[in-house]
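Chain by chain, the residues:
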Amino acid sequence: MLGLMQNQPLLISSLIEFAARHHGDAEIVSRRVEGDIHRYTYREAARRSRQVAHALDALGLAFSDRVATLAWNGYRHFELYYGVSGSGRVLHTINPRLHPEQIAWIANHAEDQVLCFDMSFLPLVQAVHAKCATIKHYIALCDADKLPADTGIPGLQSYESWIGGQPGDYDWPTFDENTASSMCYTSGTTGHPKAALYSHRSSTLHAYAAALPDVMSVSARDAILPVVPMFHVNAWGIPYSAALTGAKLVFPGPAMDGKSVYELIEAEKVTYAAGVPTVWQMLLTHMKPGGLRFSTLRRTVIGGSACPPAMIQAFNDDYGVEVLHAWGMTEMSPLGTLCTLKNKHDSLSEEEKMKIRLKQGRAIYGVDMKIVDGAGKELPWDGKTYGDLMVKGPWIIREYYKGESDPLVDGWFPTGDVATINADGYMQITDRSKDVIKSGGEWISSIDIENIAVAHPAVLMAACIGMTHPKWDERPIIAVVKKPGMDVSREELLAFYEGKTAKWQIPDDVVFVDAIPLGATGKMLKTRLRELLKDYQLPG
Ligand code: ADP
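Residues numbered from 1 in each chain as written. Predicted model: local features only at pLDDT ≥ 70, side-chain atom pairs only at ≥ 80, totals over all residues. Heavy atoms only, no water.

**Section: the overall build of the protein chain**
Thinking step 1. Summing up its helical and strand segments, the protein chain has 16 helices and 25 strands in all.
Thinking step 2. Taken against the 2.2 N^0.38 rule, which gives 24 Å for 540 residues, the C-alpha radius of gyration of the protein chain at 23 Å falls within 12% of a compact globule.
Thinking step 3. Each principal axis of the C-alpha atoms in the protein chain carries an extent, and together these give about 70 × 65 × 50 Å.
Thinking step 4. Across the 540 residues in the protein chain, those meeting the buried criterion constitute 59%. (Helix = DSSP H or I, 4+ residues; strand = E, 2+ residues; numbered from the N terminus. Rg over C-alpha atoms; globule rule 2.2 N^0.38 Å. Buried < 20%, exposed > 50% of the residue type's maximum accessible area, 1.4 Å probe, protein only.)

Right, here's the structure in full:
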């Protein structure tokens, strides 16, 4: 017997229509590429998303055709999120930090038909458009009068003239909720990038889950600043969960430096921000010298890489901002776990609480996880045993777009992360499996070693990698970037490890570098660091 409730497909268009109807006057504020601040409401965003849908119809785009973007976080990008997916096409957000060759490869692989780009990416588009065989239409996200006369890009038109004459109402089509809505390619640090193809159903369920109190806790009372980019995994789904709840949205545009982010947080009374540790590092570095304070910021979600304890402490102790440590990946839409404490942790000491906060957190309803050994045998949840982390759930990848092989193992997706899970279900990533350091048959967590280094007052950034060793197979070394104007010696830093970790886990050496190479999503690129240090010799 089937249930007798309405079978309404979960469609992305319903999110923006809900926001327009129930939170029509809630604001969306954007710092634009032009440098100024733009503000309007969900009501106007919905109207312009419908204009986008009409404009796509006028181009003759078919159902499921791909529309690519090269754009920062801003209101026009937000309108494309809804206009493209809502009308049944697939939004393909491209990471502009990728190598131009890779961008062209991705656009061809996805068979993009349209490319909408921010004017800051004009030189990039000029460099790659001849290689993008399938793109027929180029749209610059700007006013008509901001479009330079001779760009060399065939048929280029401005976004405002493209949507300007279109009606502001639109009958969003109803279709199968499993239809593809958007796609995102992984950074492809090894081999070609691979695409996760999200559906209306997976994105809507993920938006519901993200908004839960123990997850990202998104509310109509919040003003949210997603510094995490809309070009990577849909900015952790914030454009959807904000519409689902009616939260005010504040988009930083291209200005992600500490000063710009701080000023936006203050000016727009941001209560809630989300981003990767490198962005927050820039913010804290900006605030400290002048003794700046937050007047409204209450919570920040940090994920994408492990959040160092020093950062959790700085936000919490110095600024009264709660840090929610999150974990996920492109293939998971991206949220998998988030770290919030339970009532039973209230009585713990601050030190004990910190140990929990450093973990990547508990699974969100909708995400099943387990850890397994090399033979695929499930390992215990004792907080000590580590193994390969596997996940499954309705917003986790089944196959890559045009993928050649089945990525799943008995229905589970192998994340490539190594983790422990404790009896309460708190998961802790110890490493990417390829970054684990194997020393004398034991594993050393590079994240643990980095966390200690960045707790030193003179250290800005630290990356721990394993170096081949004749006796121990591998030994850890730590590459360190010092804070401007601060100093620390190799010996001082190694002494700083004493008592903070087991002796055999202390790095064999410290290498001071000017910068640590970062990948297209702001993560430390250890493959590149290893190349840079290929002639390095361990002491002795
Ligand atoms: P890409 O696939 O493009 O490298 P993702 O954003 O999908 O980028 O990266 C996912 C990976 O990032 C995870 O598998 C994990 O290794 C790492 N990661 C994400 N969040 C955290 C976190 N909070 N702590 C440690 N590692 C994290």
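**So, the packing of helix α7 (residues 200-211) against helix α9 (residues 238-245)**
Thinking step 1. Between α7 and α9, the shortest axis-to-axis distance is 8 Å and the interhelical angle comes to 70 degrees. Between α7 and α9, the interaxial angle falls into the category roughly perpendicular. For the element pair α7 and α9, the recorded crossing hand is right-handed. Across the interface between the two elements, S203, A207, Y208, A210 and A211 from α7 touch Y240, S241, L244 and T245 from α9.
Thinking step 2. Here the residues of the contact of α7 with α9 are counted per class, giving six nonpolar, three polar and no charged. (Axes fitted to C-alpha atoms, helices over the stretch in contact; angles between N-to-C directions. Parallel < 35°, antiparallel > 145°, perpendicular 65-115°, else oblique. Left-handed = near helix turned anticlockwise from the far one by under 90°. Contact = heavy atoms within 4.5 Å. Nonpolar A, V, L, I, M, F, W, Y, C, P; charged D, E, K, R; others polar.)

**Some thoughts on the packing of aromatic side chains**
Thinking step 1. Following the criterion strictly, the structure yields 15 aromatic pairs and no others.
Thinking step 2. Measuring from centroid to centroid gives 5.1 Å for W72 and F121, while their planes differ by 35 degrees, and the two rings are tilted. Here W72 is found in the loop between β3 (66-70) and α3 (75-86), whereas its partner F121 is found in the loop between β5 (112-117) and α5 (122-128), with 49 residues between them in sequence. Residue W72 shares its accessibility class with F121, and that shared class is buried.
Thinking step 3. Here W280 and F315 contribute two aromatic rings whose centre-to-centre distance is 6.2 Å and whose plane-to-plane angle is 90 degrees, an arrangement assigned as edge-to-face. Remark: F315 occurs in helix α12 (residues 309-319) and W280 occurs in helix α11 (residues 277-290); sequence separation between them is 35 residues. Pair check on accessibility: W280 and F315 agree, each one buried.
Thinking step 4. Linked through ring pairs, Y42, F78, Y81, Y82, Y240 and F251 together constitute an aromatic cluster.
Thinking step 5. Above the ring of Y272, the side-chain terminus of R299 is found at 4.3 Å from the ring centroid.
Thinking step 6. Over the ring of W443 we find K438; its NZ or CZ atom is 5.6 Å from the centre of that ring. (Phe/Tyr/Trp six-rings, centres within 6.5 Å; stacked < 30°, edge-to-face > 60°. Lys NZ or Arg CZ within 6 Å of the ring centre and 35° of its normal.)

**Description of the sheet that holds strand β8 (residues 180-185)**
Sheet strands pair via backbone hydrogen bonds, and the direction of the pair is either parallel or antiparallel.
Thinking step 1. Read from one edge to the other, the open sheet built from seven strands follows the order β7-β6-β5-β3-β4-β8-β9, with strand pairing classed as mixed. Strands at the two margins of the open sheet, each flanked by one partner only, are β7 (157-158) and β9 (195-199).
Thinking step 2. The pairing of β3 with strand β4 (residues 90-93) spans four bridges and is parallel. The partner of V67 across the bridge, within β4, is L91. (Pairing = 2+ DSSP bridges.)

**Some thoughts on the nonpolar core**
Thinking step 1. Ranked by size, the top nonpolar core spans 147 residues in total, and within it Y42, F78, F117, M216, W280 and F294 carry the most contacts.
Thinking step 2. Among the elements that line this core, the one with the most residues is helix α2 (residues 42-58), at seven residues.
Thinking step 3. Not counting residues up to four positions away in its chain, the partners in contact with M216 are A210, W236, I238, Y272, R299, V301, L335 and L338.
Thinking step 4. Core analysis: the next-biggest nonpolar cluster, separate from the first, contains 19 residues, I449, V454, V459 and C464 among them. (Core = buried A, V, L, I, M, F, W, Y, C linked by side-chain atoms within 4.5 Å.)

**Structural notes on the pairing of strand β18 (residues 387-392)**
Thinking step 1. In terms of strand pairing, strand β17 (residues 368-372) meets β18 through five bridges, oriented antiparallel. Among the inter-strand pairings, K370 is bridged to a residue of β18, identified as M390.
Thinking step 2. As paired elements, β18 and strand β19 (residues 413-421) share four bridges and run antiparallel to each other. Of the residues in β19, the one forming a bridge with M390 is P414.

**What about the packing of α11 against α12?**
Thinking step 1. Running from amino to carboxyl end, α11 crosses α12 at an angle of 40 degrees, the nearest separation of the two axes being 11 Å. The pairing of α11 with α12 is recorded here as oblique in orientation. Considering only the axes of α11 and α12, their crossing is left-handed. Facing P277, W280, Q281, L284, M287 and K288 of α11, the residues of α12 in contact are M311, A314, F315 and Y319.

**Describing the site of the ligand**
Thinking step 1. With respect to spatial proximity, 16 residues lie near the ligand, and among them S187, T330, D417, R432 and K523 are the closest.
Thinking step 2. Against a free-state accessible area of 560 Å², the protein chains account for coverage of 88% of the ligand.
Thinking step 3. No other element matches strand β14 (residues 322-328), which puts four residues into the shell around the ligand.
Thinking step 4. A breakdown of the residues in the shell around the ligand according to their chemical character gives four nonpolar, nine polar and three charged. (Near = heavy atom within 4 Å. Areas by Shrake-Rupley, 256 points an atom, 1.4 Å probe, with all protein chains shown as cover.)

**Some points on the domain arrangement of the protein chain**
Thinking step 1. By the assigned domains, the protein chain splits into domain 1 (8-213) and domain 2 (435-532).
Thinking step 2. Using C-alpha coordinates to define each centre, domain 1 is positioned 40 Å away from domain 2. (Domains from an automatic or database assignment.)

**Observations regarding the side chain of E450**
Thinking step 1. By secondary structure assignment, the location of E450 is in helix α14 (residues 446-454).
Thinking step 2. Its relative accessible area of 8% is what places E450 among the buried residues.
Thinking step 3. With near-sequence residues (within four places) excluded, E450 lies in contact with A462, A463, C464, I478, M524 and K526.

**With respect to helix α10 (residues 258-267)**
Thinking step 1. Three or more residues of α10 are buried, namely G258, S260, V261, Y262, L264 and I265.
Thinking step 2. Those residues of α10 that are buried lie in contact with β1 (27-31), β2 (37-41), β10 (223-226), β11 (248-251) and α11.
Thinking step 3. The positive-phi residue at the C-terminal boundary of α10 is K269, with phi of around 50 degrees.

**Describing α12**
Thinking step 1. Every buried residue of α12 is listed here: P309, M311, I312, A314, F315 and Y319.
Thinking step 2. On the buried face of α12, the contacting elements are α11, β13 (299-302), β14, α13 (350-357) and α14.
Thinking step 3. Trailing α12 by a residue or two, G320 shows a phi angle of about 65 degrees, which is positive.

**Details of unusual backbone geometry**
Thinking step 1. In this model, S333 is joined to P334 through a cis peptide bond whose omega is 5 degrees.
Thinking step 2. Although it is not a glycine, V233 adopts a positive phi angle of roughly 50 degrees.
Thinking step 3. With respect to the element layout, V233 can be found in helix α8 (residues 233-236).
Thinking step 4. Given a relative accessible area of 2%, V233 falls into the buried group.
Thinking step 5. Phi at D410 takes a positive value of approximately 50 degrees, unusual for a residue other than glycine.
Thinking step 6. Turning to its location among the elements, D410 is positioned in the loop between β18 and β19.
Thinking step 7. The class for D410 is exposed, based on a relative accessible area of 72%.

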